[in-house]
Amino acid sequence: MPPRSPTREPVTRTRRLKDPKGGLTAAGREWFHEKEGANLKPGVKGKADTPEKLRRKGSFLRRHFTHPRGPMVDDKGEPTRLALSARAWGEPVPRDAAGAKRLAAKGTKLLERYHATQERAKPAAKRSGAKKTRTAVAARRVTTAKKRAPATARKTAPRKRTKKT
């Protein structure tokens, strides 16, 4: 193999993008912002005590651990990047599918709490009635039609056609 040219320098990154403990570093989040326009924020490490923190942490846990995209440990028994991402959000690193399932359940609870806070924040008039959508209106029509007509009357017999003269 010929020796390298002295003018060609090896390419090295001056900044580290991935945090070895899990997640991205500030430089990594900045790099994605420059490359793709992504507005990434660091994980919520502490208690999720505001609606935004509840929503972000719950969404993260549900998205990544309900149906994990890979194993939690590699062949050497070390946690994978997927498992380490939980640490970046202040959660215990799962060792197996059961640990991932627990994190997904926690995410579901956080999202339920978030939705409950959103419901409480709505005015009472909007809270009491269900949102009127086409499917809700159609469902109400079907139930009222069932109440009005007995089951045998709902089935219609084919009409006999008569010739017009």
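Residues numbered from 1 in each chain as written. Predicted model: local features only at pLDDT ≥ 70, side-chain atom pairs only at ≥ 80, totals over all residues. Heavy atoms only, no water.

**Description of the side chain of Thr25**
Which entries qualify depends on this criterion: A run of H or I in DSSP counts as a helix once it spans at least four residues, and a run of E counts as a strand once it spans at least two, with each numbered from the N terminus. Every residue pair with non-hydrogen atoms within 4.5 Å of one another is taken to be in contact.
One can find Thr25 in the segment before α1 (26-36). With residues up to four places along the chain from it excluded, the contact list for Thr25 reads Arg16, Leu17, Lys18 and Asp19.

**Things to note about the packing of aromatic side chains**
Put simply, the rule is: Put simply, two rings from Phe, Tyr or Trp (the six-membered ring, in Trp's case) pair if the centres are within 6.5 Å, and we call them stacked under 30 degrees between planes, edge-to-face over 60, tilted for the rest.
Within the structure shown, the criterion is met by three aromatic pairs. Following the ring pairs from residue to residue traces out a cluster consisting of Phe60, Phe65 and Trp89.

**Topic: the packing of helix α2 (residues 51-65) against helix α3 (residues 81-88)**
Which entries qualify depends on this criterion: As a rule, the C-alpha atoms of each element are fitted with a line to give its axis, helices using only the stretch in contact, and angles between N-to-C directions run from 0 to 180 degrees. Any angle that falls under 35 degrees is termed roughly parallel, while one over 145 is termed roughly antiparallel, one within 65 to 115 roughly perpendicular, and all others oblique. By convention the crossing between two helices is left-handed if the near helix lies anticlockwise of the far one by an angle smaller than a right angle, and right-handed if it lies clockwise. As a working rule, the residues Ala, Val, Leu, Ile, Met, Phe, Trp, Tyr, Cys and Pro are called nonpolar, Asp, Glu, Lys and Arg charged, and the rest polar, with Gly in that last group.
Relative orientation of the contacting elements α2 and α3 amounts to 170°, with a least axis distance of 11 Å. Compared by their axis directions, α2 and α3 come out roughly antiparallel. In terms of crossing hand, the pair formed by α2 and α3 is left-handed. Here Phe60, His64 and Phe65 of α2 lie close against α3, whose contacting residues are Leu82, Ser85 and Ala86. Classifying every residue of the contact of α2 with α3 gives four nonpolar, two polar and no charged.

**Structural notes on the nonpolar core**
Which entries qualify depends on this criterion: Only buried Ala, Val, Leu, Ile, Met, Phe, Trp, Tyr and Cys residues count toward a nonpolar core, and they belong to the same one when joined by side-chain atoms within 4.5 Å. Only protein chains enter the accessibility calculation, which uses a 1.4 Å probe. A residue is then buried if its area is under 20% of the maximum for its type, exposed if over 50%, and partly exposed in between.
By size, the foremost hydrophobic cluster in this structure holds 17 residues, and its most contacted members are Leu61, Phe65 and Met72. Contributing elements (two or more residues each) for this core: α2, α3 and α4 (97-121). For this core, the element with the highest residue contribution is α4, accounting for five residues. Excluding residues within four positions of it along the chain, Leu61 makes contact with Thr66, Glu91, Leu103, Ala104, Lys106, Gly107 and Leu110.

All quantities given are derived from atomic positions and should not be read as evidence of function.
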